[in-house]
Amino acid sequence: TQCVSGCVCPHNQVLDGKGGCIAPEHCPCVHNGNFYSPGESIRVGCNNCTCRNRKWHCSEEPCLETCSVYGDGHYTTFDGKRFDFEGDCEYVLVQNYCGQQGINQGTFRVITENIPCGTTGTTCSKSIKVFLENYELVLNDGHSDVIQRTPGGEMPFQIRSMGIYLVVDTTVGLILMWDRKTSIFIKLSPSYQGHVCGLCGNYDGNGNNDFTTRSQSVVGSVLEFANSWKVSSSCPNANHTKDPCTANPYRKAWAQKQCSIITSEVFAKCHSQVEPNEYYQACVDDACACDTGGDCECFCTAVAAYAQVCNELDICISWRTPSICPLFCDYYN
């Protein structure tokens, strides 16, 4: 029905914003600036939300939150706090040995070893170690190795492949996804909310206090926070590094051109759900920094990190082509 009487709708109808009148129950719902018709569903975290009578009606399943580390030291905590840290050492990503009361009560620990991956001081994750019960799992150089420290007990995790990722499912509510290179995604059960610590934060729903040091102090400095989680006190503290595109200006134009795929129409469906600019800048930094070989790998890892976040929201982007970060069938087999 078209709007009548100077854009005043008939009784029991409302303006639809397009010059027409509709019944109130036919009004759309809004999410991240997008309009959805009644009956349409979207994915929010691990829950489905359906538009009915102008309101979202969502399932209430407890969701596993994700901490991610990729490329040249780009971190996102369980509570969504993003930061960059380039330390050349072993660091605790997440553990539930936290504070004085938790010294002997923890059940798991995940450690990353970082090494330089360019001449500008940037570092990439070389290996991941998972300590669980009397087992140690080492992910390194595309392979996984299991070390049983003492005899007895069933292995508390299963290892499987899923596309380009090696997935570790544990018995304690911890899931780990590794691309066999420099990207790691750690998913953790809601039962651990507020009971973990490390570079992945404290998982209490508040990103503002994620920079909690080993001594349980909340600080404002990324360096102070991250250096406190080095495994060995003999490791030197990390300092600020050069801007890789300033150090390697000849790579800047190439990096910007390559990484523009993140902000292009290719990922348009995801832009309203996951802000792309921080991922774009991280991609440019990585593409400039990896000047000791593997430059395309650094670029591909950075784009894949954005694609993975989109995929978590059920937005599957087909961005790889024969000329852009191709994957071949034998990689999946």
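Residue positions within a chain follow its written sequence, with the count starting from 1. Per-residue local features are limited, in this predicted model, to residues with pLDDT of at least 70; the limit for side-chain atom pairs, both in listing and counting, is 80 or more; totals at the level of whole chains, interfaces and linings are taken over all residues. The side-chain figures draw on all heavy atoms in the structure; neither hydrogens nor water molecules are used.

S.K.: Where do I start with the overall build of the chain in this structure?
M.R.: When you go through the chain residue by residue, the secondary structure sums to seven helices and 19 strands. A simple rule labels every residue: compare its accessible area, found with a 1.4 Å probe on the protein chains alone, to the largest value its type can have, and call it buried under 20%, exposed over 50%, or partly exposed in between. Here the chain, with 333 residues, has 45% of them falling under the buried criterion. Taken as a whole, the chain presents about 16,900 Å² of accessible surface, with 50% of it coming from carbon and sulfur. Only runs of H or I of at least four residues qualify as helices and only runs of E of at least two qualify as strands under DSSP, and these elements are numbered from the N terminus. In short, Shrake-Rupley with a 1.4 Å probe defines the accessible areas, and a residue's cover is counted only from the protein chains shown.

S.K.: Could you clarify how one ought to interpret the confidence of the model for the chain in this entry?
M.R.: Interpretation of this model should avoid reading the predicted coordinates in detail wherever pLDDT is low. Looking at any residue, its pLDDT shows the predictor's confidence there, from 0 to 100. Mean pLDDT over the chain: 84, with 88% of residues reaching 70 or higher. Contacts from residues 1-5, a stretch scored under 50 in pLDDT, to residues over four places away or in other chains number twelve contacts. The contact definition used throughout considers only heavy atoms, calling two residues in contact when any of these lie within 4.5 Å.

S.K.: What should I look at first to understand the sheet that holds strand β7 (residues 55-58) in this one?
M.R.: Note on sheets: strands pair through backbone hydrogen bonds, and any given pair is parallel or antiparallel. In space, the three strands of this open sheet follow the order β5-β6-β7, with antiparallel pairing throughout. Of all the strands in the sheet, just β5 (41-44) and β7 have a single pairing partner and so form its edges. Between one strand and the next, the sheet's axes are offset by a mean angle of 35°, whatever the strand orientation. Two strands qualify as a pair provided that DSSP identifies no fewer than 2 bridges between them. Fitted lines through C-alpha atoms give the axes, limited to the stretch in contact for helices. The angle between two N-to-C directions lies from 0 to 180 degrees.

S.K.: Just to check I follow, could you spell out the nonpolar core for this structure?
M.R.: Side chains of nonpolar character tend, in soluble globular proteins, to be buried together. Counting residues in each nonpolar core, the largest one holds 45 residues, and the members touching the most others are L93, L176 and I186. Looking at which element gives the most residues to this core, the answer is strand β11 (residues 90-95), with four residues. The next biggest cluster of nonpolar side chains, apart from the first, holds 29 residues, and it includes C270, Y280, W319 and C325. Nine residue types can take part in a nonpolar core, namely buried Ala, Val, Leu, Ile, Met, Phe, Trp, Tyr and Cys, and a core is a set of them joined through side-chain atoms within 4.5 Å.

S.K.: Would you take a moment to explain the layout of surface pockets for this structure?
M.R.: Sizing a probe to match a water molecule and rolling it over the atoms shows the empty space that remains. Using a grid of 1 Å spacing that covers the protein atoms alone, one calls a set of points a cavity when a 1.4 Å probe fits there but cannot get out, and a pocket when the set is open and has protein on both sides within 12 Å along at least five of seven lines; lining residues are those with an atom within 4 Å of a point. Grid points are joined across faces, edges and corners, and a volume is the space filled by probe spheres set on the points. Roughly 820 Å³ of volume is contained in the largest pocket. Taken together, 29 residues line the largest pocket, and the ones lying closest to its centre are E65, T66, V309, E312 and L313. Of all elements in the fold, only β5, β8 (65-70), β19 (184-188) and α6 (295-312) reach the threshold of two or more residues within the lining of the largest pocket. With four residues, α6 is the single largest residue contributor to the lining of the largest pocket. Residue classes in the lining of the largest pocket are distributed as twelve nonpolar, nine polar and eight charged. The calculated volume of the second largest pocket comes to roughly 450 Å³. Around the second largest pocket sit 19 residues that line it, and I164, Y165, A307, Q308 and N311 are the ones nearest its centre. Under the scheme applied, nonpolar residues are Ala, Val, Leu, Ile, Met, Phe, Trp, Tyr, Cys and Pro; charged residues are Asp, Glu, Lys and Arg; polar residues are all the others, including Gly.

S.K.: What should I look at first to understand the environment of F108 in this one?
M.R.: Mapped onto the fold, F108 is located in strand β12 (residues 108-116). For the pair F108 and Y97, spaced eleven residues apart in the sequence, the C-alpha separation amounts to 7.8 Å. In contact with F108, other than residues within four places in its own chain, are V94, Q95, N96, Y97, F131, L132, V172, L174, L188, Y192 and V196.

S.K.: Honestly, the packing of aromatic side chains in this entry has me stumped. Any pointers?
M.R.: The geometry of two aromatic rings is summed up by the distance between their centres and the angle between their planes. A pair of aromatic rings is counted whenever rings of Phe, Tyr or Trp (Trp by its six-membered ring) have centres within 6.5 Å, and the orientation is called stacked for planes under 30 degrees apart, edge-to-face for over 60 and tilted otherwise. The final tally for this structure, using the stated rule, is 13 aromatic pairs. Between F83 and F211, the ring centres sit 5.5 Å apart and the planes meet at 90°, which makes this aromatic pair edge-to-face. In this pair, F83 sits in strand β10 (residues 82-84) while F211 sits in the loop between β19 and α1 (222-227), placing the two residues 128 residues apart along the sequence. Residue classification places F83 among the buried positions, given a relative accessible area of 5%. Residue F211 is classed as buried on the basis of its relative accessible area, which comes to 8%. Look at F211 and F225: their rings are 4.9 Å apart centre to centre, the planes differ by 25°, and that puts the pair in the stacked class.

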